[in-house]
Amino acid sequence: MEGDADIARTAALFADPARVRVLLALADGRALAASVLAAEARLSAPGVSAHLAKLRAAGLVVAEKSGRHRFYRLAGPDTAELLETLARCSPSQPVTSLREGTRAEALRTARTCYDHLAGRLGVAVTSALLARGALAGPGDTRRRPGDRISAPLREHPYTLGPAASAVFGSLGVDVDAVAVGRRPLLKFCVDWSEQRHHLAGALGAAVATRFLDAGWVRRRAQAHRALRLTPEGSQALETHLGLAGLAA
């Protein structure tokens, strides 16, 4: 017989700023070596190992072996959602330097939300998919009354549209192949910076993967979750989704 969930034990793991930096370094869905995590979280090798041991014991992080190396990633979307929820309930850190301001603006422009596109880019892509008939719904991605800020929508009004196969296919995403997996095909989040819906779920992840693989977006070195739209990506978005004027 088991008692109530030990919320305090899990919550205590988020009370250490260094440990939170480790989790945020993994928040874009990547699997990273401990040495890379140490650099991104500004920690020593022994320090990051100690934090990873606690996070693994709590089931928030998992490890995968590849040859002689071990890589760490978030245990799944629930952990990423927990981070987003805590971010929603937390005050913003003051921006005290030009570097911090540049990083904050980069995150708002384009970033990954676990493994899908977010920020102004993610919201624009979702709106364009609605406009082109790849998605069907109200045609307005603005946050509705009752939507939880920066959290996945439990119920959403969107479905695949009549042009889904054609539009996603033009982007290089096979909807039927993506739908075969166990993960929900369609999910949506409320974008914390834009306060609009963006595409998540298996289809959102497939779109983000395609954008990265095609070189349409690249990760920014100064902010691991932030993305940079490339000139090729700007042209592709205009060609396939009618999105013009997005900065490359």
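Residues numbered from 1 in each chain as written. Predicted model: local features only at pLDDT ≥ 70, side-chain atom pairs only at ≥ 80, totals over all residues. Heavy atoms only, no water.

Caption draft 1: Quick look at the pattern of salt bridges. Summed over the entire model, instances satisfying the criterion amount to seven salt bridges. Here arginine 19 ties to aspartate 16 by a salt bridge, and the two come within 4.0 Å at their closest N and O atoms. Among the residues examined, arginine 19 registers a relative accessible area of 6% and is labelled buried. Judged by relative accessible area, aspartate 16 falls into the partly exposed class, the value being 26%. We note a salt bridge from aspartate 191 to arginine 111, for which the minimum N-O separation is 3.1 Å. (Salt bridge = Lys/Arg side-chain N within 4 Å of Asp/Glu carboxyl O. Buried < 20%, exposed > 50% of the residue type's maximum accessible area, 1.4 Å probe, protein only.)

Caption draft 2: Quick peek at unusual backbone geometry. Located in the positive-phi region is arginine 42, a residue other than glycine, with phi close to 60°. Within the fold, arginine 42 resides in the loop between helix H3 (34-40) and helix H4 (45-57). A positive phi angle is found at tyrosine 114, which is not glycine, with a value near 60°. With respect to the helices and strands, tyrosine 114 occurs in the loop between strand S4 (111-113) and strand S5 (116-118). (Helix = DSSP H or I, 4+ residues; strand = E, 2+ residues; numbered from the N terminus.)

Caption draft 3: View of the environment of lysine 187. Secondary-structure assignment places lysine 187 in strand S8 (residues 187-190). With relative accessibility at 29%, the residue lysine 187 sits in the partly exposed group. C-alpha of lysine 187 to C-alpha of glutamate 155: the two residues are 32 residues apart in sequence and 8.6 Å apart in space. Not counting the four nearest positions on each side in its chain, lysine 187 is found in contact with His156, His198, Leu199, Ala200 and Gly201. (Contact = heavy atoms within 4.5 Å.)

Caption draft 4: Geometry of the sheet that holds strand S3 (residues 69-74). Taken in spatial order, the three strands of this open sheet run S1-S3-S2, and their pairing is antiparallel. Of all strands in the sheet, those with a lone pairing partner are strand S1 (32-33) and strand S2 (61-66), marking the two edges. (Pairing = 2+ DSSP bridges.)

Caption draft 5: Local environment of the nonpolar core. Membership of the largest hydrophobic core comes to 38 residues, with the highest contact counts inside it found for Leu129, Phe168 and Leu241. Looking at this core, the elements with two or more residues in it are helix H7 (119-131), helix H8 (164-171), helix H9 (175-179), S8, helix H10 (201-213), strand S11 (223-229) and helix H11 (231-241). Those residues in contact with leucine 241 that lie beyond four places of it in its chain are Val125, Ala128, Leu129, Arg132, Val167, Leu171 and Ala236. Core analysis: the second largest hydrophobic core is formed by 21 residues, Leu13, Leu37, Leu52 and Leu55 among them. (Core = buried A, V, L, I, M, F, W, Y, C linked by side-chain atoms within 4.5 Å.)

Caption draft 6: Broad picture of the packing of helix H2 (residues 17-25) against H4. The N-to-C vectors of H2 and H4 enclose an angle of 75°; their axes lie 10 Å apart at closest approach. Overall, the two elements H2 and H4 adopt an arrangement that is roughly perpendicular. Residues Ala18, Arg19, Val22 and Leu23 of H2 pack against Val48, His51, Leu52, Lys54 and Leu55 of H4. Residues belonging to the contact of H2 with H4 are distributed by class as follows: six nonpolar, one polar and two charged. (Axes fitted to C-alpha atoms, helices over the stretch in contact; angles between N-to-C directions. Parallel < 35°, antiparallel > 145°, perpendicular 65-115°, else oblique. Nonpolar A, V, L, I, M, F, W, Y, C, P; charged D, E, K, R; others polar.)

Caption draft 7: View of H11. Listed as buried for H11 are Gly233, Ser234, Ala236, Leu237 and Leu241. Axial view of H11: buried residues confined to an arc of 165°, hence all on one face. (Arc of directions from axis to C-beta.)

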